[in-house]
Structure formats: structure tokens, C-alpha cells
Amino acid sequence: NENGSLVCAAIIKICWDGLYVHPNTNKNCDFDPCLISDLSIVDLSGMDGSFNTLLTTARVTGLLDDLKGPGPITLLAPNDAAFDTLPDGLIACLLDSDIDALTNILLYHIVKKNFLREELLNVHTMEMLNHEVISIIADRESIIFNDANSLQSDILASNGVIHVIDSVLIPVGVDLNLILSNCAKGEEVEKGDDDESNGKSGKDGKKRSFR
């Protein structure tokens, strides 16, 4: 029922904050909110309420369905506060003028494999879905992906695992200053020859998927 759903959502938020140990039974929920084995990465992110920008950009680029897919997926998830540290107007500029760059940025946060904290202790680099590599420094106390700190790790979903990070990872090939400059000048950023292709698409009509 509606009240039960609200209770579950509230418990999930507390679980994300690491403050709640779920009891063996909970009559209000059809699942264990702190194990979340039957909710996808997108479901969990939406219920938490701190990943609105991430989900919006994933939807516009056409990657949202992939994040709902069967996995396995490891998502390094910048929260809304992380996106707020980017230059003013950047996300709006990317959404309006450079979906390719935005897609590249999002793919730089995704791996098609499950990586839990324990595994990351023995991993020093990781190739992301945009084919660029990030560095990893991990110990029992912290994990650093490039220059982004993990705020919370090992959030388990039905199709993978989420590590919440405190900044947005920017691929080497993405020049934020150039993107902002082009937007300021009102110039259209080049998108390629297949902008009008059909199929599952982002805002610009291009088909995108990492499956």
C-alpha cells in the first residue's frame, strides 16, 4: 500500500546513509530494504533522491534503460552535490549542445562487471565503458577513483553495485572550457554524421547503448 511504500522508501534512504540495521522481518516491505536484491541501480538511485542530475542526464542520453538492464554493472555514482561542483551552466550546456560529450562523461562512470570494495583493494586501474582508464587507490578506510572520493560503497542492486562518489569524473578527451566557450558563443557543437539515426535515442536522436 501507499503507506508501506513510503516506509520502505524512508528505510532505503536511511540504509544509504549507513545508519540502519534492518531487522529480520519487516511487514511493510516486500523486500529487505538494506539488501535491495530485487531493485535495479536506477530504482535505488531514484528512491534515494540524491541522484536527480545523474538520472536526468542518463535519460536524456538514452543510457537509462541500460542502467536498468540485467548487468552486471558497477556504477560510480556522483550525487547531486557532486554535479553542483561543476562549472555553472555546464550541465545545461551539455544537455542542449553536446550530448556526445555528456554520454562520454557518463560512460566514464560505468563498468560492465561487479566490483565490490573487497575486490577494489587489489585493483589499481579500471577501464570504463568509454574505453578510458581510471586510477584506483583503495584501503580498508577509503576508496579514491581518480580524484573522487567514495562516500559510500557496496550498495547492492539486482543488476550490479553502486559506489557513491563526491565529484564527477571527466574523461581526458572532454574539454569543459571549450564546451562552455562554444555555448557562450551560441555555436552548435559537432555531433557527427548520424544525428538523425533511428532507434533508442537520446535528445539528439542518436542511438546509444552499452549492452
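Every value quoted in this text rests on a predicted model; they were computed, and no experiment measured them. (Residues numbered from 1 in each chain as written. Predicted model: local features only at pLDDT ≥ 70, side-chain atom pairs only at ≥ 80, totals over all residues. Heavy atoms only, no water.)

K.L.:
Would you take a moment to explain unusual backbone geometry for this structure?
P.N.:
Glycine aside, the phi torsion of most residues is negative, and most peptide linkages are trans. For the bond running from Gly71 to Pro72, omega is 5°, close enough to zero to count as cis. Here Pro72 is to be found in the loop between α4 (64-67) and β1 (73-78). Its identity as a non-glycine residue notwithstanding, His131 has a phi of 75°, on the positive side. With respect to the secondary-structure elements, His131 resides in the loop between β3 (125-127) and β4 (133-138). Take His131: its relative accessible area is 63%, and that puts it in the exposed class. Unlike most non-glycine residues, Asn146 shows phi in positive territory, near 55°. Inspection of the secondary structure puts Asn146 in the loop between β5 (143-145) and β6 (148-157). Here Asn146 falls in the partly exposed class, since its relative accessible area comes to 26%. (Helix = DSSP H or I, 4+ residues; strand = E, 2+ residues; numbered from the N terminus. Buried < 20%, exposed > 50% of the residue type's maximum accessible area, 1.4 Å probe, protein only.)

K.L.:
Would you mind showing me how to read the packing of helix α6 (residues 90-97) against helix α9 (residues 176-184) here?
P.N.:
A pair of packed helices is captured by two measures, namely the crossing angle of their axes and the spacing between those axes. Running from N to C, α6 and α9 point in directions that differ by 70°, and their axes come no closer than 10 Å. Our classification of the angle between α6 and α9 gives roughly perpendicular. Two packed elements cross with a definite hand, and for α6 against α9 that hand is left-handed. For the pair α6 and α9, the contacting residues are Leu90, Cys93, Leu94 and Ser97 in the first and Leu176, Ile179, Leu180 and Cys183 in the second. Residue composition of the contact of α6 with α9, grouped by class: 7 nonpolar, 1 polar and no charged. (Axes fitted to C-alpha atoms, helices over the stretch in contact; angles between N-to-C directions. Parallel < 35°, antiparallel > 145°, perpendicular 65-115°, else oblique. Left-handed = near helix turned anticlockwise from the far one by under 90°. Contact = heavy atoms within 4.5 Å. Nonpolar A, V, L, I, M, F, W, Y, C, P; charged D, E, K, R; others polar.)

K.L.:
Looking at this structure, how should I read the side chain of Ser167?
P.N.:
Along the chain, Ser167 turns up in the loop between β7 (160-165) and α9. Judged by its relative accessible area of 15%, Ser167 is buried. Apart from residues lying up to four places away in sequence, Ser167 is in contact with Pro78, Ala82, Asp147 and Ala148.

K.L.:
Any chance you could explain the pairing of β6 here in plain terms?
P.N.:
Remark: a regular strand shows side chains that alternate across the two faces of the sheet. Here 2 bridges tie β5 to β6, and the two strands are oriented antiparallel to one another. Note that in β6 the partner of Phe145 across the bridge is Ala148. Counted between consecutive antiparallel strands, the loop separating β5 from β6 contains 2 residues, among which Asn146 sits at a positive phi close to 55°. Bridging between β6 and β7 involves 5 bridges; their strand directions are antiparallel. Across the sheet, the residue bridging to Leu156 is Val161, located in β7. Following β6, the chain reverses through 2 residues before pairing antiparallel with β7. (Pairing = 2+ DSSP bridges.)

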